[in-house]
Amino acid sequence: MRARALAAREAATVEQRLGWEKAIEGHLDSLIETLAPRSLAFCWPYRSEADLRGWVARWLAADARRIAALPVVVTRDAPLIFRRWLPGSALAPDRHGIPCPVHGEALTPELILVPLNAFDARGYRLGYGGGYFDRTLATIRPLTVGIGFELGREADVLPQSHDRALDWLVTEAGVRRQMAEDK
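Note that the coordinates shown come from a computational prediction; the quantities given were computed from them, not determined experimentally.

A. Region of interest: helix α2 (residues 14-35). Here α2 contains 22 residues, and its C-alpha end-to-end distance of 30 Å stays within 8% of the 32 Å for a straight helix at 1.5 Å per residue. Residues of α2 that are buried: R17, W20, E21, I24, E25, L28, L31 and I32.

Spelled out as structure tokens, the structure:
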């Protein structure tokens, strides 16, 4: 499932992904306005994921009290930490080559925009298999918003007992809140 979702996403054209990202940004505008977090974390785009850097920069610019953060892999088997991000922040590649903040205190975001490779209607997701988000979401309880493209939707991603369903799903097709009975 993971390999199929990644291959489909990477096979999409740049124009397709840009169109999907624009739709996702529009849906995020409405959802984030409603949820009104003061801090959120997002992921640097990796392997053709939705690129939310411009959207986050605009969100930050609208209110100086807002805080955005990026995840940082400290060690392989530990939860992620989050460090503040601003456009132009000093970044360095982590063990996977993904840019992350070099300096700064760890913070706990109110909301995390979680990338989706494959996902199902109940809000369960497949990442890259490292378990970083699983370990992180087991230790902190922020609101979670899955961000992905419809081509990654599966009937069932076969979640394991440690998996936590996301609170919301946002794709180019719209926003869906995960209700308690869905989880």
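Moving on from the model shown.
B. Quick peek at the pairing of strand β7 (residues 111-115). Counting buried positions along β7 yields 5 of 5 residues, so the element is predominantly enclosed. Every second residue of β7 is oriented toward a common face, with L111, L113 and P115 on one face and I112 and V114 on the other, all of them buried. Of the strand pairs in this sheet, strand β1 (residues 39-41) and β7 are connected by 2 bridges, and their pairing is parallel. Across the sheet, L40 pairs through a bridge with L111, a residue of β7. Here β7 runs beside strand β10 (residues 143-147); their pairing, made up of 5 bridges, is parallel. When the bridges of β10 are listed, L113 appears paired with V145.

C. Molecular detail of the environment of A78. Positionally, A78 belongs in the loop between β2 (67-72) and β3 (81-85). A78 gets classed as buried once you look at its relative accessible area, which sits at 19%. Along the backbone, A78 and V170 are 92 residues apart, and their C-alpha atoms lie at a distance of 27 Å. Contact partners of A78, with chain neighbours within four places excluded, come to Y132 and R135.

D. The nonpolar core, seen in detail. Ranked by internal contacts, the top residues of the largest apolar core, which has 26 residues, are L28, V56, L113, V145 and I147. Listed by contribution, the elements that provide at least two residues to this core are α2, α3 (53-61), β2, β7, β10 and β11 (168-171). Examining the composition of this core, we find that 5 residues originate from one element, α2, more than from any other. When residues no more than four places from it in sequence are discounted, the contact partners of V145 are L28, L31, L111, I112, L113, V114, W168 and V170. Residues A69, V73, L116 and F133 belong to the second largest nonpolar core, which totals 16 residues.

E. Representation of the sheet that holds β10. Read from one edge of the open sheet, 8 strands run β6-β3-β2-β1-β7-β10-β11-β12, paired in mixed fashion. Of all the strands in the sheet, the pair left with one neighbour each is β6 (106-107) and β12 (174-177). Sheet strands touched by α2: β7, β10, β11 and β12. Its angle to β11, the strand with the most contacts, is close to 150°. On top of the sheet, α3 reaches β1, β2, β3 and β7; it is set at about 145° to β2, its chief contact.

F. Spatial organisation of the pattern of salt bridges. Inspection of the entire model under this criterion finds 9 salt bridges. Put simply, R122 and D120 hold a salt bridge, and the shortest N to O gap is 3.6 Å. Judged by its relative accessible area of 33%, R122 is partly exposed. Under the relative-accessibility criterion, D120 is labelled buried at 0%. A salt bridge links R164 to D167, with the nearest nitrogen and oxygen atoms 3.7 Å apart. Linked through salt bridges whose partners overlap, the residues forming this network are D120, R122 and D156.

G. Molecular detail of helix α1 (residues 2-11). Taken together, the buried positions of α1 are A5, L6 and R9. Burial along α1 is one-sided: seen end-on, the buried residues are contained in an arc of 95°. Across α1 from its buried face, at more than 90 degrees, point the exposed residues A3 and A11. Looking at the buried positions of α1, the neighbouring elements they touch are α2 and β8 (118-119).

Criteria and thresholds
- Residues numbered from 1 in each chain as written.
- Predicted model: local features only at pLDDT ≥ 70, side-chain atom pairs only at ≥ 80, totals over all residues.
- Heavy atoms only, no water.
- Helix = DSSP H or I, 4+ residues; strand = E, 2+ residues; numbered from the N terminus.
- Expected span 1.5 Å × (residues − 1).
- Buried < 20%, exposed > 50% of the residue type's maximum accessible area, 1.4 Å probe, protein only.
- Pairing = 2+ DSSP bridges.
- Contact = heavy atoms within 4.5 Å.
- Core = buried A, V, L, I, M, F, W, Y, C linked by side-chain atoms within 4.5 Å.
- Axes fitted to C-alpha atoms, helices over the stretch in contact; angles between N-to-C directions.
- Salt bridge = Lys/Arg side-chain N within 4 Å of Asp/Glu carboxyl O.
- Arc of directions from axis to C-beta.

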